[in-house]
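Chain residues, written in single-letter form:
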Amino acid sequence: MRAPQILSLIAIGLTLAGISLLTALDTSVQSVDFISLLNAADAANTALANGLFMLLGIFWMGAIDSTRRFLEPKPLDGWLRFSAIAFAASYLLGMILPCDAGCPPTGSGAQLGYSSLVWLLYCGPALFAGRLLLRQPDRQTRNLALLLLLIFAGLQVDALFLRSMPGLWQRIYELLFCWLWWLSLQAWVKTIEAGRESQ
């Protein structure tokens with residue numbers, strides 16, 4: 001297994017297992033809203049969430065950079081790289097700018113930063129999916145990218161207007177990005193290895 005695959009598996013594992021652990025530890029979780037406010041000002045496990053966010057950001061950055069280096073001299077599409085980095089950066093910046101209790105649209109300076117900068121970076125997977133669609137991927141990747149964009153739209157509507165279960169939308173969104181990244185990575189590794197074997 002190649003370095004990009006190993007680092008990506010660690011990043012994906014931390015994303016899924018870490019957030020699941022926080023969900024299990026949070027006794028305030030109600031209904032199907034699975035921790036939309038992982039490190040909010042009033043969260044029960046803020047320190048643990050911040051530590052997880054730091055690890056997620058670092059390992060995702062490492063996976064992206066390792067993938068870029070593995071693909072050389074063929075470049076990793078700049079928009080795909082930027083959007084994946086934005087997703088990683090959203091965890092790191094979310095650690096610095098936690099949202100207020102309940103994550104209202106407006107509030108303290110940290111909340112305003114969270115609602116603008118962090119949320120803008122969190123759009124990374126949606127941009128990643130959109131960029132993949134422009135490259136005319138295989139059917140599975142195309143369907144997954146379309147589903148991710150649909151979930152992202154649902155997340156926006158819920159977060160801005162309904163506020164019923166934004167956490168559930170976020171968890172699905174992150175899961176779909178992990179899956180989409182892995183499929184893309186596997187395709188890139190296969191293409192590069194086939195090219196190197198033919199030389």
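Calculation notes
Residues numbered from 1 in each chain as written. Predicted model: local features only at pLDDT ≥ 70, side-chain atom pairs only at ≥ 80, totals over all residues. Heavy atoms only, no water. Axes fitted to C-alpha atoms, helices over the stretch in contact; angles between N-to-C directions. Helix = DSSP H or I, 4+ residues; strand = E, 2+ residues; numbered from the N terminus. Parallel < 35°, antiparallel > 145°, perpendicular 65-115°, else oblique. Left-handed = near helix turned anticlockwise from the far one by under 90°. Contact = heavy atoms within 4.5 Å. Polar contact = N/O pair within 3.5 Å; in protein donor to acceptor, adjacent residues only side chain to side chain. Buried < 20%, exposed > 50% of the residue type's maximum accessible area, 1.4 Å probe, protein only. Phe/Tyr/Trp six-rings, centres within 6.5 Å; stacked < 30°, edge-to-face > 60°. Patch = residues over 30% accessible without salt bridge, like charges linked within 9 Å, V, L, I, M, F, W, Y side chains within 5 Å. Areas by Shrake-Rupley, 256 points an atom, 1.4 Å probe, with all protein chains shown as cover. Salt bridge = Lys/Arg side-chain N within 4 Å of Asp/Glu carboxyl O. pLDDT = per-residue confidence, 0-100. Core = buried A, V, L, I, M, F, W, Y, C linked by side-chain atoms within 4.5 Å. Nonpolar A, V, L, I, M, F, W, Y, C, P; charged D, E, K, R; others polar.

## Comments concerning the packing of helix α3 (residues 78–96) against helix α5 (residues 124–134)
Thinking step 1. The N-to-C vectors of α3 and α5 enclose an angle of 160°; their axes lie 7 Å apart at closest approach. By the angle class used here, α3 and α5 are roughly antiparallel. The chirality of how α3 crosses α5 is left-handed. Of α5, the residues touching α3 (which contributes Trp 79, Leu 80, Phe 82, Ser 83, Ala 84, Ala 86 and Phe 87) are Gly 124, Pro 125, Leu 127, Phe 128, Arg 131 and Leu 132.

## Quick word on the side chain of Arg 68
Thinking step 1. Its place among the elements puts Arg 68 in helix α2 (residues 46–71).
Thinking step 2. Separated by 2.8 Å, the side chains of Arg 68 and Glu 72 make a polar contact.
Thinking step 3. The residues touching Arg 68, leaving out its near neighbours within four places in the chain, are Leu 76 and Arg 81.

## Topic: the side chain of Thr 141
Thinking step 1. Inspection of the secondary structure puts Thr 141 in helix α6 (residues 139–162).
Thinking step 2. Relative accessible area serves as the criterion here: at 6%, Thr 141 is assigned to the buried category.
Thinking step 3. Aside from chain neighbours lying at most four places away, what touches Thr 141 is Leu 132, Leu 180 and Leu 183.

## Digging into unusual backbone geometry
Most peptide bonds are trans, and most residues other than glycine sit at a negative phi.
Thinking step 1. The linkage connecting Glu 72 with the following residue, Pro 73, adopts the cis geometry, with an omega of 5°.
Thinking step 2. By secondary structure assignment, the location of Pro 73 is in the loop between α2 and α3.

## Observations regarding the packing of aromatic side chains
Thinking step 1. Enumeration over the complete set of coordinates arrives at 13 aromatic pairs.
Thinking step 2. Here the aromatic rings of Tyr 122 and Tyr 173 are separated by 5.1 Å at their centres, their planes lie at 55°, and the arrangement is tilted. Placement of Tyr 122 in the loop between α4 (109–121) and α5 and of Tyr 173 in helix α7 (residues 166–198) is noted, with a sequence separation of 51 residues between them.
Thinking step 3. In textbook terms, an aromatic cluster arises when at least three aromatic residues are bridged by ring pairs, as seen for Phe 53, Trp 60, Phe 87, Tyr 91, Tyr 122, Phe 128, Phe 152, Tyr 173, Phe 177, Trp 181 and Trp 188.

## Thoughts on a nonpolar patch on the surface
Thinking step 1. Side chains of Met 1, Ile 6, Leu 9 and Ile 10 sit close together on the surface and give an oily, nonpolar patch of about 370 Å² of accessible area.
Thinking step 2. Within the secondary structure, Leu 9 sits in helix α1 (residues 3–25).
Thinking step 3. Overall, the relative accessible area of 39% leaves Leu 9 in the partly exposed class.

## Here's the deal with the confidence of the model for the protein chain
Low-pLDDT stretches of the model should not have their predicted coordinates read in fine detail.
Thinking step 1. For the protein chain, mean pLDDT is 80; residues scoring 70 or higher make up 74% of the total.
Thinking step 2. Mean pLDDT across the secondary structure elements of the protein chain bottoms out at α4, with 70, and peaks at α5, with 91.

## Digging into the nonpolar core
Most often, soluble globular proteins have nonpolar side chains that are buried together.
Thinking step 1. Judged by nonpolar contacts, the single largest core of 41 residues is most densely connected at Trp 60, Phe 128 and Trp 181.
Thinking step 2. Mapped onto this core, the elements with two or more residues apiece are α1, α2, α3, α5, α6 and α7.
Thinking step 3. For this core, the leading source of residues is α7, giving eleven residues.
Thinking step 4. Setting aside residues up to four positions removed in sequence, Trp 60 forms contacts with Ala 11, Ile 12, Thr 15, Phe 87, Ala 88, Phe 177, Cys 178 and Trp 181.

## With respect to the packing of α2 against α3
Thinking step 1. One can describe the packing of α2 onto α3 by two numbers: an axis separation of 7 Å at closest approach and a directional angle of 160°. Classified by the interaxial angle, the pair formed by α2 and α3 is roughly antiparallel. Handedness of the crossing formed by α2 with α3: left-handed. Residue-level inspection shows Asn 50, Phe 53, Met 54, Leu 56, Gly 57, Ile 58, Trp 60, Met 61, Ile 64 and Arg 68 of α2 in contact with α3, the latter providing Arg 81, Ala 84, Ile 85, Phe 87, Ala 88, Ala 89, Tyr 91, Leu 92, Gly 94 and Met 95.
Thinking step 2. Split by residue class, the contact of α2 with α3 holds 15 nonpolar, three polar and two charged.

## Description of the environment of Met 1
Thinking step 1. Mapped onto the elements, Met 1 comes out in the segment before α1.
Thinking step 2. Once the C-alpha coordinates of Met 1 and Val 189 are considered, the two residues, 188 residues apart in sequence, prove to be 9.9 Å apart.
Thinking step 3. Look past the residues within four positions of Met 1 in its chain and what remains in contact with it is Ile 6 and Leu 9.

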